[in-house]
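Remarks on the overall topology
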Amino acid sequence: MIPQNFEYSAPNNLNEALALLADGNAKVLAGGMSLIPLMKLRLAAPEHLVDLGRVTDLKSIREEGGTIRVGATATHYDIESSPLVRGKCPLLAEAASSIGDVQVRNMGTIGGSIAHADPAADYPASLLALEAQVRIASAKGERTVGIEQFLVDALTTALDTGEIVREIIVPVEPANAGVSYQKMVQPASGFAIVGVAARVRKSGGKVAFVRVGVTGLAAKAFRATGVEKLLEGTTGSAADVQKAAAVVSDGADANSDLHASASYRQQMAKVYTARALTQALSRAS
Amino acid sequence: MKISGSYTLPVPPERAYELLQDPEVLARCMPGTERLAKIGLDEYEMKMKMVISAVQGLFAGKVRIADQKPPEQFRLIVEGSGKVGFMRGDGLLTLSSASPSTDVHYEGEVHVGGVIAGVGQRLLDTTAKIVIRKFFEKLAANAGQAAQAVAAPLSTQPPENSPSDSD
């Protein structure tokens, strides 16, 4: 339970942090909710940790031009309790509030979570449904990629050597939209066995806009475009929802572990997709 | 843990069979392979460094090829252990011609134990699939290049073949 020796740096600003990370030998420490347990078990033994805890400008949550920009080291608690996020991007607040337990939410950060890219993490479902953008910074400059390009595979992201997540950009939700995140939780770890995020808008009695993101089912979270297409243009009746939710697992190479077999996961994905869509529809006006 | 899947290699079965047993090719395509040396008939010693996210594991072990029926099928037995745990895999590879390429189907069982299995149970299946997919993608790219170099007029397929069971 004691990690191997490592160097520790705690830079005070972003440029210092990026300079320390530039050579690729250091590992970023954000909330440490995944990294520290791995280090204690000696499964991970980074030689140098760069702690972003003191880089305060990475923590801000602000509104800008129809978007909400969430700093990478905003904790899950910062996000779930932010009046701005709760009011203008409730789906993200809902996802944040369903992560792990109180301790994890107080320490864990959104940037750390997506950079770790656990296939069962909660955020990716919502971020995919929100078509979020990820702003990436390094000593060489900045770039912004869509969340779909960012999540490459299980535990693998588009981040290159020396790059960190700077902020996550999500749209301000229109007032008439309905959103929901429904998760089948694995009680011991708090991770999702499956988690489904849905956003819908109605217009003239019809479902005019649907976005569905699914986590936990496959090696990486994905957008269920098949479900979206089937529901769009319908009246959003219970039968329409069931019909759309039924295709969520189509083509997905489902994960299998001690807690849930692949076929069980596929079945649960359908159930939780229907629940998320039903609740989102009931919240949309 | 049971694993299975299918991939396509852009070369005929005879060549695919050769490639799948060529230690140099295998060492190039298996993610993290640092050393693969012949120690006996159809038996190899290997050293691998697996890096998945923050987790790093050094494995040392053996690869054995058995039940050979060229160019249709063979059995691959892999054993390895390191500080973070051990793994033992046994898989049957079946090759079938899908002119001008080859469909490779694998089916087998992998046992993982030690610390890595204790804490990483949730991620084992996913990780195994990724490692296998990377191997076949790289092998297909290698095979494609070789095929183009040897018989350019015959091979019209691009080097990068998409695996049939990808997400």
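Residues numbered from 1 in each chain as written. Chains lettered and ligands numbered in written order. Predicted model: local features only at pLDDT ≥ 70, side-chain atom pairs only at ≥ 80, totals over all residues.

**Notes on the domain arrangement of chain A**
Interface extent is often summarised as the accessible area lost during association of the parts. All names here are of chain A. Going by this rule: Note that the domain bounds reflect an automated or database-derived domain assignment. Whether two residues are in contact is decided by their C-beta atoms, placed from the backbone, lying within 7 Å. Where helices and strands are cited, they refer to DSSP runs of H or I of at least four residues and of E of at least two residues respectively, numbered from the N terminus. Only Asp, Glu, Lys and Arg are considered charged in this grouping, and only Ala, Val, Leu, Ile, Met, Phe, Trp, Tyr, Cys and Pro are considered nonpolar; every other residue, Gly among them, is considered polar.
Here chain A is described as being made up of domain 1 (58-171) and domain 2 (178-283). Taken together, the contact pairs 25 residues of domain 1 with 23 residues of domain 2. Among the secondary structure elements, those contributing two or more residues to the side of domain 1 that touches domain 2 are helix 5 (90-97), helix 8 (123-129) and strand 8 (151-153). Across the side of domain 1 that touches domain 2, the residue classes break down as 16 nonpolar, 3 polar and 6 charged.

**Quick look at the pairing of strand 5 (residues 73-82) of chain B**
Residues and elements named next belong to chain B. Short version of the rule: In short, DSSP must find at least two bridges between two strands for them to pair.
Note: strand 4 (residues 55-69) against strand 5, 8 bridges, orientation antiparallel. Within the sheet, the bridge partner assigned to K62 lies in strand 5 and is E79. Once strand 4 ends, the chain turns through 3 residues before running back antiparallel as strand 5. Across 10 bridges, strand 5 lies against strand 6 (residues 85-98) in antiparallel orientation. Counted as the bridge partner of R75 is L92 from strand 6. Here strand 5 folds back onto strand 6, and the loop between the two strands holds 2 residues.

**Structural notes on the interface of chain A and chain B**
Counting residues at the interface gives 25 residues for chain A and 19 residues for chain B. For the side of chain A that touches chain B, a count of residues per class yields 17 nonpolar, 4 polar and 4 charged.

**With respect to the sheet that holds strand 10 (residues 164-171) of chain A**
Residues and elements named next belong to chain A. Inclusion rule: The angle between two axes is taken between their N-to-C directions and runs from 0 to 180 degrees, where each axis is a line fitted to C-alpha atoms and a helix contributes only its stretch in contact.
Within the open sheet, the 5 strands sit side by side as 4-5-10-6-7. Their pairing is antiparallel. Whereas interior strands pair on both sides, the edge strands pair on one side only; in this sheet they are strand 4 (61-64) and strand 7 (141-146). Within this sheet the neighbouring strands show an average axis-to-axis angle of 25°, counted without direction. Where strand 4 meets strand 5 (residues 67-71), 4 bridges bridge the pair, whose relative direction is antiparallel. The partner of E64 across the bridge, within strand 5, is T67.

**Quick look at the sheet that holds strand 11 (residues 178-185) of chain A**
Residues and elements named next belong to chain A. Strand order in this open sheet of 4 strands is 11-12-13-14, and the pairing throughout is antiparallel. Only two strands of the sheet have a single partner each, and these edge strands are strand 11 and strand 14 (222-223). Two elements, strand 11 and strand 12 (residues 192-203), share 8 bridges in a ladder whose sense is antiparallel. Of the residues in strand 12, the one forming a bridge with Q182 is V196. Across the sheet, helix 5 lies against strand 11 and strand 12, angled at about 15° from strand 11, the strand it touches most.

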